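Residue strings, one per chain:
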Amino acid sequence: MALPGAHTTTKAEGSAASRGGATAAARRASRQELARRIGLGAVVPVALVALWQAASTLGWVSAVALPAPASVVEAAGELAGRGELGRHIGISVQRVLIGFGIGAALGLALGSLVGLSKWADALLGPTIGAFRAVPSLAWVPLLILWMKIGEDSKVTLIAIGAFFPIFTTVYLALRHVDKNLVEAARAFGLKGLKLLTTVQLPAVVPAVFSGLRLALAQSWLFLVAAELIASSMGLGFLLTDSQNNGRTDRLLLAIILLAVIGKITDALLGVVERKAVTRWA
Amino acid sequence: MTATFAPAAPHPAGSATAGPRSALGVSFRGLGRSFGEGTARRTVLRDIDFDVVPGELVAILGPSGCGKSTLLRAVAGLDAPSAGEVLIDGTAVEGIDGRCAVAFQEPRLMPWQSVRRNVALGLPHGTGKAEGDARVDELIDLVELGAHASHRPREISGGMAQRASLARALARRPGVLLLDEPFGALDALTRLKMQDLLLEVRRVAPATVLLVTHDVDEALQLADRILVLGRTPDREGATISEVLTVPGERPRDRASAELARMRSALLESLGVDSHRH
Ligand SMILES: Nc1ncnc2c1ncn2[C@@H]1O[C@H](COP(=O)(O)OP(=O)(O)OP(=O)(O)O)[C@@H](O)[C@H]1O
Ligand SMILES: [Mg+2]
């Protein structure tokens, strides 16, 4: 340090090292930030469970209306032991994933087509708009009539629920892609598919992901709707079945499972979203 | 930046991929452009007749909104004129013209791509990978962005972004280089450096250059000829009000009396009182 010659090298190395150090420090800081967010996020659920426990031990509400947390856990254990819990969860997740997948793919494809082509917009825009105006649950009777009470009708209903949020966000985002960027790319000879993949699609990646997350939430909503109305399996069925048998513990269990699984799928999609947005935005 | 670069050796006309690599002439024939329909119709440009010699650097001056960008867009084929036509190397411009490259008034870089990928976007269609990589490296060195080649546009300064935009245009090896206030957003010092860079670039890649600027000194420093666009009170739409040939080899002495005289005349024709500047 004291030598002038050495000083310059340490300075250069120092800046490189501090840059390496900075990324490590940043990583540590972001891990701490994550831990703090998880900790903070857990505060309210834990408090709610504590309040719930207090309400049942102190007898604020009857055990019929609100069974203790322990009996919900017990109910879970009992259903799991008979292998029913896994079956309910499995079939519901499967329906959501398939319906969401189909709805998302169609939403992306049609949203891109109608968003990019004036011709397709003129041809299809009004029709799709009219279909969107139909409250999606209005399809239920028709779907059941056409496809009976099997898997198809449920998956179709979920796909309808997932389709519109994605279609709308992709369509609108493509309409608002920076015209200057598109023109610049065209000036350098890009057109058609190359223009789409170089400029238009990357520009709408953030919008596509917010559409996907909306659509995923919609998929769970429509899953429960479909299963409430007609099914013999799944978390929605668990809800109606428990209601009919007066099993509030199982009812609460189903609601908690929907909250937890819905949150997990959304968080997973959120991770992919963050990766994609830092890559493309 | 000069050390690594071979001097004005013309590019080999060998590989057929890179399009025109010699400077091309540009002719405006009765060019006019109006926007809107019916009573809302407004004429922006009218009766532009002018010939740009191959290899020439013509600066275009004119008040804001007089149609300078519109004129360049007509050459690039990004916009179709309402009257007349533009010829490049004797053939009319119809649709986006591969013989031109544009550096727009704003850098217009793809925000999700590195500076390097953005420059590579300018390469002519069908350029081989090795050839393209070499050319992009060369250009990134030329505009002194080597240290920032992997950065995203939002991570570099406005001046760097404009240099990247210039490099992207040069990657095209255009016969006609269209520069729309390429140094407009820069501070005085960076602007001078960029002007030197442009002269350097021209020694390396001989293109015809149309340079839109609102800076009279920049025009006097860089151009072979200066074309002034202006309106007359009696008619709608701007047209060529003056064409000046600038004497002297570049780089020119910024203090020369003759340039000072031309500067006053230009400012006057642009409606600025030169004694107050
Ligand atoms: N697509 C368009 N539709 C309608 N009017 C337009 C269009 N493009 C340009 N104009 C009009 O043409 C005129 C000239 O625009 P242009 O951008 O060519 O000016 P400019 O000389 O480049 O100005 P500046 O120095 O501010 O960049 C402006 O009045 C503008 O409103
Ligand atoms: Mg302009």
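Residues numbered from 1 in each chain as written. Chains lettered and ligands numbered in written order. Predicted model: local features only at pLDDT ≥ 70, side-chain atom pairs only at ≥ 80, totals over all residues. Heavy atoms only, no water.

Focus: the domain arrangement of chain A
Residue and element names in this part refer to chain A. Taken domain by domain, chain A holds domain 1 (1–61) and domain 2 (69–280). Distance between the C-alpha centres of domain 1 and domain 2: 33 Å. Summing the contributions of domain 1 and of domain 2, the shared interface buries around 320 Å²; its carbon and sulfur component is 81%. Considering only the side of domain 1, the residues that lose the most area to domain 2 are Val49, Trp52 and Gln53, jointly responsible for 91% of the buried surface there. In this structure, the connection of domain 1 to domain 2 is made through zero salt bridges. Taken together, domain 1 and domain 2 are joined by zero residue pairs in polar contact (both at pLDDT 80 or more). (Domains from an automatic or database assignment. Buried area = accessible area lost by both parts, 1.4 Å probe. Salt bridge = Lys/Arg side-chain N within 4 Å of Asp/Glu carboxyl O. Polar contact = N/O pair within 3.5 Å; in protein donor to acceptor, adjacent residues only side chain to side chain.)

Observations regarding the nonpolar core
Generally speaking, a soluble globular protein has its nonpolar side chains buried in company with each other. Residues A:Phe100, A:Leu157, A:Val199, A:Leu212, A:Trp220, A:Leu253 and B:Met110 are the most contacted members of the largest nonpolar core, which totals 58 residues. Of all elements in the fold, only helix H2 (69–81), helix H3 (84–116), helix H5 (140–147), helix H6 (151–175), helix H7 (179–187), helix H8 (192–229), helix H9 (235–245) and helix H10 (248–280) of chain A reach the threshold of two or more residues within this core. Sorting elements by how many residues they give to this core places H8(A) first, with 14 residues. Excluding residues within four positions of it along the chain, A:Trp220 makes contact with A:Val93, A:Val96, A:Leu258, A:Ile261, A:Gly262 and A:Thr265. In this structure, B:Ala101, B:Ala171, B:Ala207 and B:Met262 belong to the second largest nonpolar core, which totals 51 residues. (Core = buried A, V, L, I, M, F, W, Y, C linked by side-chain atoms within 4.5 Å. Buried < 20%, exposed > 50% of the residue type's maximum accessible area, 1.4 Å probe, protein only. Helix = DSSP H or I, 4+ residues; strand = E, 2+ residues; numbered from the N terminus. Contact = heavy atoms within 4.5 Å.)

A look at a positive patch on the surface
Residues and elements named next belong to chain A. On the surface, a cluster of positive charge is contributed by Arg37, Lys263, Arg274 and Lys275. No other element matches the three residues that H10 contributes to the positive patch. Classification of Arg274 as exposed rests on a relative accessible area of 55%. (Patch = residues over 30% accessible without salt bridge, like charges linked within 9 Å, V, L, I, M, F, W, Y side chains within 5 Å. Areas by Shrake-Rupley, 256 points an atom, 1.4 Å probe, with all protein chains shown as cover. Lys, Arg positive; Asp, Glu negative; His and termini not counted. Charge placed at Lys NZ, Arg CZ, Asp CG, Glu CD.)

Notes on unusual backbone geometry
Residues and elements named next belong to chain B. The omega angle of the peptide bond from Arg250 to Pro251 is -5°, so this bond is cis rather than trans. Relative to the elements of secondary structure, Pro251 occurs in the loop between strand E10 (239–245) and helix H7 (257–269). Despite not being glycine, Asp47 has its phi angle at roughly 50°, a positive value. Along the chain, Asp47 falls in strand E2 (residues 42–52).

Brief notes about helix H3 (residues 129–142) of chain B
Residues and elements named next belong to chain B. Between its terminal C-alpha atoms H3 stretches 20 Å, which fits the 20 Å expected from 14 residues at 1.5 Å a residue. Within the sequence span of H3, burial applies to Gly132, Arg135, Val136, Leu139, Ile140 and Leu142. The arc that holds every buried residue of H3, seen down its axis, measures 155°, which confines them to one face. Those residues of H3 that are buried lie in contact with helix H2 (115–120), helix H4 (158–171) and helix H5 (188–204). Directly beyond the C-terminal end of H3, a positive phi value near 55° is found at Glu144. (Expected span 1.5 Å × (residues − 1). Arc of directions from axis to C-beta.)

Looking at the packing of helix H4 (residues 118–133) of chain A against H6(A)
All names here are of chain A. For the pair H4 and H6, interaxial distance at closest approach is 12 Å and the crossing angle is 145°. Crossing angle aside, the handedness with which H4 passes H6 is left-handed. Residues Lys118, Asp121, Ile128, Phe131 and Arg132 of H4 pack against Phe163, Phe164, Phe167, Thr168, Tyr171 and Arg175 of H6. When grouped by side-chain class, the residues that make up the contact of H4 with H6 number six nonpolar, one polar and four charged. (Axes fitted to C-alpha atoms, helices over the stretch in contact; angles between N-to-C directions. Left-handed = near helix turned anticlockwise from the far one by under 90°. Nonpolar A, V, L, I, M, F, W, Y, C, P; charged D, E, K, R; others polar.)

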